[in-house]
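Chain and residue survey
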Amino acid sequence: MHLYEVRNRTVVVVDILRATSCMVTAFAHGVESITPVANLDECRSMKTKGFVISGERDGKKVEGFDKGNSPFEYLGDQVKGLKIAFTTTNGTQAIEKSKEAKEVIIGSFLNLTTVAKYLLLGENNALIVCAGWKGRVNLEDTLFAGALVEKLKEYLGPDCDAPLAAQHLYNLAKNDMVSFLNASSHVRRLNKLNIHDDIKFCVTPDQYKVLPKLKNGVLLV
Ligand code: 3SL
């Protein structure tokens with residue numbers, strides 16, 4: 001991110017497995033707000049302020065937290081009206097690092113077309129911030145970036161070849177993203193937790209039309 005000036009851009013933060021997929025799912029099921037928090041202690045302390053505390057470390061729900069980082073924990077009536085404080089290894093850190101942007105929105109395959117339409121109708125240049133894993137590249141976030149590039153290709157003027165590379169990867173993968181991601185580093189990590197259904201769910205395009213946006217440090221729709 002240090003290579004980009006974000007002050008005049010709309011930043012799309014993406015952590016397909018699984019933080020931004022959880023956030024989109026939660027808003028689609030009526031969550032009132034999600035406050036991204038960078039560290040565990042700060043998140044824990046928000047319990048006394050009426051927040052449901054959620055998140056993971058090493059992919060697992062944190063001891064004493066109300067919810068973990070599976071989209072299936074954010075479905076149905078169970079989340080309606082909740083104010084959630086959320087901390088994850090990479091996704092919430094990527095939001096934190098994007099805070100100087102003109103706008104920050106949350107992207108996932110689940111709201112792919114909604115994100116694409118928003119960027120298309122908006123006036124700002126876009127930057128897709130792939131959360132990756134601890135500062136390194138991952139395949140699933142790159143595939144999402146590629147899917148977005150594919151949708152917006154007629155309007156792009158990229159200043160390097162990363163969008164093009166992501167687009168090519170997405171076109172290779174799009175017919176069976178689950179298989180394509182099988183050998184990826186984070187899928188291998190998550191497979192140890194036996195959460196294959198999460199992976200399938202998170203790469204299913206256009207389940208929801210919500211577009212979470214950051215306002216004064218809080219995600220709202
Ligand atoms: O890193 C993150 O933000 C998480 O989404 C990682 S995990 O999928 O819960 O392991």
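Please refer to the structure placed before this passage.
A quick note: this is a predicted structure, and the numbers were derived from the prediction, not measured.

**Some points on the overall build of the protein**
Looking only at helices and strands, one finds nine helices and nine strands in the protein. Against the compact-globule benchmark of 17 Å for 221 residues, the protein has a radius of gyration of 16 Å, which places it among compact chains. By principal-axis analysis of the C-alpha atoms, the protein measures approximately 50 × 35 × 30 Å. Residues counted as buried form 51% of the 221 residues belonging to the protein.

**Points about the packing of helix H5 (residues 139-152) against helix H6 (residues 162-173)**
It is at 7 Å that the axes of H5 and H6 come closest, and there the two elements cross at 100°. One finds that H5 runs roughly perpendicular with respect to H6. In this structure, H5 uses Leu139, Thr142, Leu143, Ala145, Gly146, Ala147, Val149 and Glu150 to contact H6, whose residues at the interface are Pro163, Ala166, Gln167, Leu169, Tyr170, Asn171 and Ala173. Within the contact of H5 with H6, the residues separate by chemical class into 10 nonpolar, four polar and one charged.

**Points about the side chain of serine 54**
Within the element layout of this structure, serine 54 appears in strand E3 (residues 52-57). In this structure serine 54 touches Cys43, Phe65, Lys67, Gly68, Tyr74, Ile84, Ala85, Phe86 and Thr87, once residues within four positions along its chain are discounted.

**Some points on the pairing of strand E2 (residues 33-36)**
When a strand is regular, its side chains alternate between the sheet's two faces. Here E2 shows two buried faces, one formed by Ser33 and Thr35 and the other by Ile34 and Pro36. The sheet contact formed by E2 and strand E5 (residues 83-87) spans four bridges and is parallel. Across the sheet, proline 36 pairs through a bridge with phenylalanine 86, a residue of E5.

**Regarding the site of the ligand**
Surrounding the ligand, one finds 14 residues, the nearest of these being Asp15, Arg18, Asn69, Thr88 and Asn90. Between an oxygen atom of the ligand and a side-chain N or O atom of histidine 186, the distance comes to 2.9 Å. Coverage of the ligand by the protein amounts to 99% of the 290 Å² it exposes when considered alone.

**Regarding unusual backbone geometry**
Going from leucine 17 to arginine 18, the amide bond is cis rather than trans, its omega being 0°. Locating arginine 18 in the fold gives a position in the loop between strand E1 (9-14) and helix H1 (19-28).

**A short note on H6**
Because an α-helix completes one turn every 3.6 residues, residues spaced three or four positions apart along the sequence face the same direction. The end-to-end C-alpha separation of H6 is 16 Å, in line with the 16 Å expected for 12 residues at 1.5 Å each. Contact partners of the buried residues in H6: H5 and helix H7 (177-180).

**Regarding the packing of aromatic side chains**
One pass over the structure, following the stated rule, counts three aromatic pairs. Ring geometry for phenylalanine 72 and phenylalanine 201: centres 5.1 Å apart, planes at 55°, overall tilted. Highlighted residues: phenylalanine 72 in the loop between strand E4 (60-61) and E5 and phenylalanine 201 in helix H9 (residues 196-202), separated in sequence by 129 residues. Residue phenylalanine 72 is classed as partly exposed on the basis of its relative accessible area, which comes to 36%.

**Digging into the nonpolar core**
Nonpolar side chains in soluble globular proteins tend to end up buried together. In this structure, Ile34, Ile84 and Leu219 are the most contacted members of the largest nonpolar core, which totals 30 residues. Residue assignment for this core shows that the elements contributing at least two residues are E1, H1, E5, helix H3 (91-97), strand E6 (103-107) and strand E7 (125-130). Element by element, the count of residues in this core is highest for H1, at five residues. Among residues more than four places away in sequence, those in contact with leucine 219 are Met23, Phe27, Glu32, Ser33, Ile34, Pro36, Ile95, Ile106, Pro212, Lys213 and Leu214. Listed in part, the 27 residues of the second largest apolar core include Ile105, Tyr170, Cys202 and Val203.

**Looking at the side chain of serine 33**
Inspection of the secondary structure assignment puts serine 33 in strand E2. With relative accessibility at 6%, the residue serine 33 sits in the buried group. If we ignore the near neighbours within four places in the chain, the residues touching serine 33 are Phe27, Leu82, Lys83, Ile84, Val218, Leu219 and Leu220.

**Considering the state of the cysteines**
This structure, assessed with the given rule, holds zero disulfides. This cysteine, cysteine 22, is not joined by any disulfide, and cysteine 202 carries the nearest cysteine sulfur, 6.3 Å off. A residue is classified by how much of its surface remains accessible, and cysteine 22, at 0% relative accessible area, is buried. Of the cysteine sulfurs around cysteine 160, a residue in no disulfide, the closest is that of cysteine 130, at 11 Å. Among the residues examined, cysteine 160 registers a relative accessible area of 32% and is labelled partly exposed.

Conventions used here
Residues numbered from 1 in each chain as written. Predicted model: local features only at pLDDT ≥ 70, side-chain atom pairs only at ≥ 80, totals over all residues. Heavy atoms only, no water. Helix = DSSP H or I, 4+ residues; strand = E, 2+ residues; numbered from the N terminus. Rg over C-alpha atoms; globule rule 2.2 N^0.38 Å. Buried < 20%, exposed > 50% of the residue type's maximum accessible area, 1.4 Å probe, protein only. Axes fitted to C-alpha atoms, helices over the stretch in contact; angles between N-to-C directions. Parallel < 35°, antiparallel > 145°, perpendicular 65-115°, else oblique. Contact = heavy atoms within 4.5 Å. Nonpolar A, V, L, I, M, F, W, Y, C, P; charged D, E, K, R; others polar. Pairing = 2+ DSSP bridges. Near = heavy atom within 4 Å. Polar contact = N/O pair within 3.5 Å; in protein donor to acceptor, adjacent residues only side chain to side chain. Areas by Shrake-Rupley, 256 points an atom, 1.4 Å probe, with all protein chains shown as cover. Expected span 1.5 Å × (residues − 1). Phe/Tyr/Trp six-rings, centres within 6.5 Å; stacked < 30°, edge-to-face > 60°. Core = buried A, V, L, I, M, F, W, Y, C linked by side-chain atoms within 4.5 Å. Disulfide = S-S within 2.5 Å.

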